[in-house]
Amino acid sequence: MEDTKEVLPGVPEVLLKKRKTYRQVRAARAKAAETAKTVHRERQQKTIFKEPEKFVQEFRRSQRDRLRIHRQAKTGRKISVPEEKKLAFVMRIRGIKGIHPDVRKSLHLFRLRRIHDGVLVKLTEATLSKLQLIEPYVTWGYPTLKSVRELVFKRGFVKVDGARTALTDNMVIEQKLGEQGIVCMEDVVHELFNVGKNFSKVSNFLCPFKLSRPPGYRKKVSGHFTVEGGAGNRKDAINDLIQNMN
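Keep in mind that what you see is a predicted model, and the values were worked out from it rather than measured.

Description of the overall build of the protein
Then, number 1: Scanning the protein from terminus to terminus reveals eight helices and seven strands.
Then, number 2: A total of 246 residues make up the protein; the buried ones form 34% of that total.
Then, number 3: A separation of at least 24 residues holds for 73% of the contacts in the protein among residues at least 6 apart in sequence.
Then, number 4: Entry remark: accessible area of the protein is about 16,900 Å², with carbon and sulfur atoms responsible for 53%.

Side note on unusual backbone geometry
Then, number 1: The backbone of Arg-111 sits at a positive phi, close to 65°, despite the residue not being glycine.
Then, number 2: Within the secondary structure, Arg-111 is located in the loop between helix H2 (101–109) and strand E2 (117–122).
Then, number 3: For Arg-111, a relative accessible area of 23% translates into the label partly exposed.
Then, number 4: In this structure, Val-195 is a non-glycine residue whose phi angle is positive, near 50°.

Looking at the side chain of Ser-106
Then, number 1: Inspection of the secondary structure puts Ser-106 in helix H2.
Then, number 2: Residue class for Ser-106 comes out buried when judged on its relative accessible area of 1%.
Then, number 3: In this structure the side chain of Ser-106 is engaged in a polar contact, spanning 3.0 Å, whose partner is the backbone oxygen of Asp-102.
Then, number 4: Discounting residues that sit within four places of it in the chain, Ser-106 has contacts with Lys-130, Leu-133 and Ile-134.

Side note on the pairing of strand E4 (residues 157–160)
Then, number 1: Pairing of E4 with strand E5 (residues 163–166), which is carried by four bridges, proceeds in the antiparallel orientation. By the bridge assignment, Lys-159 is partnered in E5 with Arg-164.
Then, number 2: Linkage of E4 to E5, two consecutive antiparallel strands, is achieved through a turn of two residues, within which Asp-161 is found at a positive phi near 55°.

Some remarks on the environment of Leu-112
Then, number 1: As for its position among the elements, Leu-112 is in the loop between H2 and E2.
Then, number 2: Judged by relative accessible area, Leu-112 falls into the buried class, the value being 0%.
Then, number 3: Placed 96 residues apart in sequence, Leu-112 and Pro-208 show a C-alpha to C-alpha distance of 7.4 Å.
Then, number 4: Among all residues touching Leu-112, those that are not within four sequence positions of it are Val-90, Arg-92, Leu-107, Asp-117, Gly-118, Val-119 and Val-138.

Observations regarding the packing of aromatic side chains
Then, number 1: Overall, the coordinates contain two aromatic pairs when judged by the stated rule.
Then, number 2: Judged by centre distance (6.5 Å) and plane angle (45°), the rings of Phe-89 and Phe-209 are tilted. Here Phe-89, found in strand E1 (residues 87–92), pairs with Phe-209, found in strand E6 (residues 209–210); they are 120 residues apart in sequence, far enough to count as distant.
Then, number 3: One Lys or Arg, Arg-164, reaches over the ring of Phe-157 and ends 4.0 Å from the middle of that ring.

Regarding helix H8 (residues 238–245)
Then, number 1: Along H8, the residues classified as buried are Ile-238, Asn-239, Leu-241, Ile-242 and Met-245. All buried residues of H8 lie within an arc of 160° about the axis, which places them on one face of the element.

Concerning the nonpolar core
Soluble globular proteins: nonpolar side chains tend toward being buried together.
Then, number 1: Of all hydrophobic cores here, the largest spans 29 residues; its most connected members are Phe-89 and Leu-192.
Then, number 2: Of all elements in the fold, only E1, helix H4 (145–155), helix H5 (170–177), helix H6 (185–193), helix H7 (199–205) and H8 reach the threshold of two or more residues within this core.
Then, number 3: What Leu-192 contacts, discounting residues up to four positions off in sequence, is Leu-87, Leu-120, Val-148, Val-152, Phe-199, Val-202, Ser-203 and Leu-206.
Then, number 4: Val-90, Ile-96, Ile-99 and Val-119 belong to the second largest nonpolar core, which has 19 residues in total.

About the cut-offs
- Residues numbered from 1 in each chain as written.
- Predicted model: local features only at pLDDT ≥ 70, side-chain atom pairs only at ≥ 80, totals over all residues.
- Heavy atoms only, no water.
- Helix = DSSP H or I, 4+ residues; strand = E, 2+ residues; numbered from the N terminus.
- Buried < 20%, exposed > 50% of the residue type's maximum accessible area, 1.4 Å probe, protein only.
- Contact = heavy atoms within 4.5 Å.
- Areas by Shrake-Rupley, 256 points an atom, 1.4 Å probe, with all protein chains shown as cover.
- Polar contact = N/O pair within 3.5 Å; in protein donor to acceptor, adjacent residues only side chain to side chain.
- Pairing = 2+ DSSP bridges.
- Phe/Tyr/Trp six-rings, centres within 6.5 Å; stacked < 30°, edge-to-face > 60°.
- Lys NZ or Arg CZ within 6 Å of the ring centre and 35° of its normal.
- Arc of directions from axis to C-beta.
- Core = buried A, V, L, I, M, F, W, Y, C linked by side-chain atoms within 4.5 Å.

In structure tokens, the structure reads:
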């Protein structure tokens, strides 16, 4: 009697391919997880070494602000407002990590919460005093009618139902400022440039102008404008900067 050998059923080729693919996927995932752990560990080590440096930098910046504020208060120099200049454009150019609380508060009063945010302000002794306080963190100057018009028409935004909306409809202006006789974009430009009696209402009606990074932007912006820095009073040269960033 012949022995009968039991023939085992073969595994389908499709199933074998699936198993191989599954093994490859598992190996790839394991490798990716290991790489991610290594990167995370390296970042943590870098952070551990960098944090003390950041603390020192922030402390030194705060100390510099404190000394600068103390010197300005000690001199007691009276600030004179230029008779022919009534309007200024102020733009923030530096971060505010580690700065003195008084400087931070003044920047927030000007609504300059982000780098390259700009606002139009009325020049008074109080305004100039605040500008002197925040001078290392802003650049400012005297805008022309052309610059003001371009800022309003290109970068004019308002809050509508809590959302930041481009100022393209005169109906929005009439609803908010119609009682003051301001009903269109040109009225807004005229009131701002001539620093009219409703300047504050019109200025607060507009959101801060968000300008773009200019061509050939230099990361180092410390130092006064007159010594090849970025901060301080540019006077009429502010118009060239607005033109490049608008």
